[in-house]
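Structure assessment
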Amino acid sequence: MDVNGDDLIDIVSGSYSHSEPSVDMAGYFQVLLGEKGGKWKAAQVLRGNDEKPLLLSSGSKEQADVAKICTRAFVADLDDDGNLDLVSGNFGGTFGWFRGEDSGGFAPESTWLQAAGAQMQVQLHSDPFLVDWDGDGDLDLLSGSATGGAFLFTNIGSKAEPKFAAMQTLVEPVAGHQGVIIEGETDATETPVTFGDAHLVGPNSSTRVWADDVDGDGTLDLLVGDSITVQHVLEGKSEAETRVALLAWEKKFQELMERMQSNAGGAPDAALNDEWQKHYQSKKELVREEMTGFVWFYKGKAKGDGAKRTASN
Amino acid sequence: MVSVWVAWAAPMVLAADVGFEKPLRLMAAGKPIGVESPGYACPAWHDLDGDGKKDLIVGQFAGGKMATYKNLGGLKFSERQWLMAGGTVAEVPGVW
């Protein structure tokens, strides 16, 4: 995206937190301005037209903190007024809109995008990506979420007055997570515990989406980034014995969780907390966990009447 | 015994006119394109080197760094290069 109109690609990012000590946990937007020769300047705080750092406006008291922790920022002319706008996701899953102003730059205060008469929202960690998904000339909004998947909010208004429909699912979120034991499956050999990453068939959680004609066939595709904890068998151990050990670990973990929940609101139980901590730490003696994330390619294909969604961004 | 981690409160409506082939995990130099711990891969698609082909950029949580993968065509990518800014590896402050 070109934030300053110099025809060079700039990079805009949200962030979780101020660099300086702060009462509130609230993230600045950072921009890396493009330079000639495919280079970029160091990140600098993006400021509003009042010269103060842009910050998402707090929502209700209940969501004040999570609403200000920004995730992805996306810059595009959402209302077709000739000024670039900034749309940001946040920890709480809503979408803030800083309108671009005629003087250049962004309005100091954001408003919240609406969809189907309510605040537009995904299941935490909103991830806005603006693109004309349905080919009707206006910008629609795609998003990932903390629970995975890819979602579409179709713009049913106009280019100048965007109005979004209720959320539709493009890619369903994951039904479970690797290593989670599904209810009713008590046999260790039947649990979905797997090792390594070779078996993975699709994105996990905390998805981030990008739409473009990646393979050049004239149809929009999706790139989806994710986050996953990959489990590796320890040296000298077999997958079978590690599965059994993990099942036993999970059972005890759940028992401890239930005991802690039943004790909620009562006097602190130091012994129980200590037992929980020791048990939690003991997992590393059973398996090596690698936290990572991958990038998945979803090749788009036309359905229904055969009309192709055409890449235009 | 154990409930699944995902709890989706809102009813899901599948977009009717959308179809994708099965997802393919992107590779670079023979290895899956992945990010450093604690994960959180965020892809972008832009022509970084001006060769007419868009390249893959992958943001990550750790250090607020961004990896770039030159597009070699046919969904093939070169090895990871860290995006540079001001002569050093670019970092977005406050990501974590």
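Before reading further, recall that the structure is shown in the block above.
Residues numbered from 1 in each chain as written. Chains lettered and ligands numbered in written order. Predicted model: local features only at pLDDT ≥ 70, side-chain atom pairs only at ≥ 80, totals over all residues. Heavy atoms only, no water.

1. Let's talk about the overall build of chain A
If you tally the helices and strands in chain A, you get 3 helices and 20 strands. For chain A, with 313 residues in total, the buried portion stands at 50%. Relative to all contacts within chain A whose residues are 6 or more apart in sequence, the contacts with residues 24 or more apart total 54%. (Helix = DSSP H or I, 4+ residues; strand = E, 2+ residues; numbered from the N terminus. Buried < 20%, exposed > 50% of the residue type's maximum accessible area, 1.4 Å probe, protein only. Contact = heavy atoms within 4.5 Å.)

2. A closer look at the sheet that holds strand E5 (residues 44-45) of chain A
Residues and elements named next belong to chain A. Spatial strand order, E1-E2-E5: 3 strands in an open sheet with antiparallel pairing. The sheet is open, and its two borders are formed by strand E1 (11-13) and E5, each paired with just one other strand. In the sheet, strand E2 (residues 30-32) pairs with E5 via 2 bridges, with the strands oriented antiparallel. Pairing of Gln30 across the sheet is with Val45, part of E5. (Pairing = 2+ DSSP bridges.)

3. Some points on unusual backbone geometry
As a rule of thumb, non-glycine residues mostly have phi less than zero, and peptide bonds are mostly trans rather than cis. A cis amide bond links Ser37 of chain B to the next residue, Pro38 of chain B, at an omega of 10°. By secondary structure assignment, the location of Pro38 of chain B is in the loop between strand E4 (31-32) and strand E5 (42-46). Of note, His125 of chain A is a non-glycine position whose phi angle comes to about 55°, a positive value. Inspection of the secondary structure assignment puts His125 of chain A in the loop between strand E11 (118-119) and strand E12 (129-131).

4. Observations concerning the packing of aromatic side chains
Residues and elements named next belong to chain A. Throughout the structure, instances matching the rule amount to 14 aromatic pairs over all chains. Judged by centre distance (5.8 Å) and plane angle (70°), the rings of Tyr16 and Phe91 are edge-to-face. With Tyr16 in the loop between E1 and E2 and Phe91 in the loop between strand E7 (85-90) and strand E8 (95-98), the pair connects residues that are 75 residues apart, well separated along the chain. Under the relative-accessibility criterion, Tyr16 is labelled buried at 11%. (Phe/Tyr/Trp six-rings, centres within 6.5 Å; stacked < 30°, edge-to-face > 60°.)

5. A short note on the nonpolar core
Grouped together as the largest cluster of nonpolar side chains are 83 residues, with contacts concentrated most on Trp133, Leu142 and Leu222 of chain A. Not counting residues up to four positions away in its chain, the partners in contact with Leu222 of chain A are Trp133, Leu142, Ala150, Val171, Trp210, Ala211, Trp296, Phe297 and Tyr298 of chain A together with Phe20 of chain B. Grouped together as the second largest cluster of nonpolar side chains are 5 residues, Phe253, Leu256, Leu272 and Trp276 of chain A included. (Core = buried A, V, L, I, M, F, W, Y, C linked by side-chain atoms within 4.5 Å.)

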